[in-house]
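Observations on the three-dimensional arrangement
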Amino acid sequence: MKKSEKVLLGVFAFLFLAIIGGGGLMFAFKNYMAIREENESLRDRLAEMNLAISQGADWADKYGWLEEKVPGFTSRQEASAKLLEAITAEADKVGLSIGGKEFIEEAKVLGPDGLPVDDTLGYFDHAAVKITLAGVSEKAFFTWLHALQQPQSFLGISRLLINPSGTNKTVNCEVEFTQFYHETTVPKVTKAN
């Protein structure tokens, strides 16, 4: 082999090693960075899991409180009736006369087969009533709303429309109340032998 061939072979060997070595180093560096990112995400996930475990007792207490405090009704009709009863009782206390009362049934979602889809994704069941008031005093109206909307009763205002009637601080209103509850089962009565 001539000296120029040896130099040329040495240069090609050097370039070959530089390209292969550089590629190998880049591959190793990318793998190292991917493993490092995965370790960081696993570390973050572990921290989230430890936090969730440490807060487990708090969430269990909150769930227990909900189970204890949420009203239970056997049907939407019973919940709607109790809601209307509470609304009218509070209206009587402040001297409001309720004009219109309308139970609001939510529209059933139909599946591809045309049958209603059982949508049990929410934690609460709910019943709603729409009340119409005409020419009522603002003060009595807001006192009534405040008395009804209490967090511990799981009763709230889901829609409110107020229009001034134009005389002596009176208003015309349309209010939609929603009662959140859990549907309970009725115990079966068995005949004793």
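Structure shown above.
These numbers come from a predicted model, not from an experiment. (Residues numbered from 1 in each chain as written. Predicted model: local features only at pLDDT ≥ 70, side-chain atom pairs only at ≥ 80, totals over all residues. Heavy atoms only, no water.)

**Focus: the pairing of strand β5 (residues 170–183)**
The condition is simple: Classification of residues uses two cut-offs on accessible area relative to the type maximum, computed with a 1.4 Å probe and protein chains only: under 20% is buried, over 50% is exposed, and between them is partly exposed. Think of it this way: any DSSP run of H or I at least four residues long counts as a helix, any run of E at least two long counts as a strand, and we number them from the N terminus. In this analysis, strands are considered paired if DSSP registers two or more bridges between them.
Extensive coverage of β5 is indicated by the burial of ten of its 14 residues. As paired strands, strand β1 (residues 72–73) and β5 are joined by two bridges and run parallel to one another. Residue pairing for β5: F73 is matched across the bridge by E183. Where strand β3 (residues 125–137) meets β5, eleven bridges bridge the pair, whose relative direction is antiparallel. Within the sheet, the bridge partner assigned to S137 lies in β5 and is T170.

**Remarks on the packing of aromatic side chains**
For clarity, the threshold we go by: A pair of Phe, Tyr and Trp rings is counted when the ring centres sit within 6.5 Å of each other, with Trp represented by its six-membered ring. The angle between the planes then sorts it: under 30 degrees is stacked, over 60 is edge-to-face, the rest tilted.
If you walk through the whole model with that rule in mind, you get seven aromatic pairs. Seen in terms of ring centroids, F141 and F142 are 5.2 Å apart; in terms of plane orientation they differ by 70°. Their pairing is edge-to-face. Ring pairs connect the aromatic residues W65, F124, F154 and F180, which therefore count as one cluster.

**Observations concerning the pattern of salt bridges**
Condition: Any carboxyl oxygen of Asp or Glu within 4 Å of a side-chain nitrogen of Lys or Arg constitutes a salt bridge here.
One pass over the full model with this rule turns up seven salt bridges. Put simply, E102 and K130 hold a salt bridge, and the shortest N to O gap is 3.5 Å. Taken as a pair, E102 in strand β2 (residues 100–104) and K130 in strand β3 lie far apart in primary sequence, 28 residues in all. Assessed through its relative accessible area of 41%, E102 is described here as partly exposed. When salt bridges with common partners are traced through the structure, they connect E102, K130, R159 and E174 into a single cluster.

**With respect to the side chain of E176**
Rule in force here: We call two residues in contact whenever any of their non-hydrogen atoms come within 4.5 Å of each other.
Following the sequence through the fold, E176 ends up in strand β5. Filtering out sequence-adjacent residues up to four positions away, E176 remains in contact with I104, V129, K130, G156, I157, S158 and R159.

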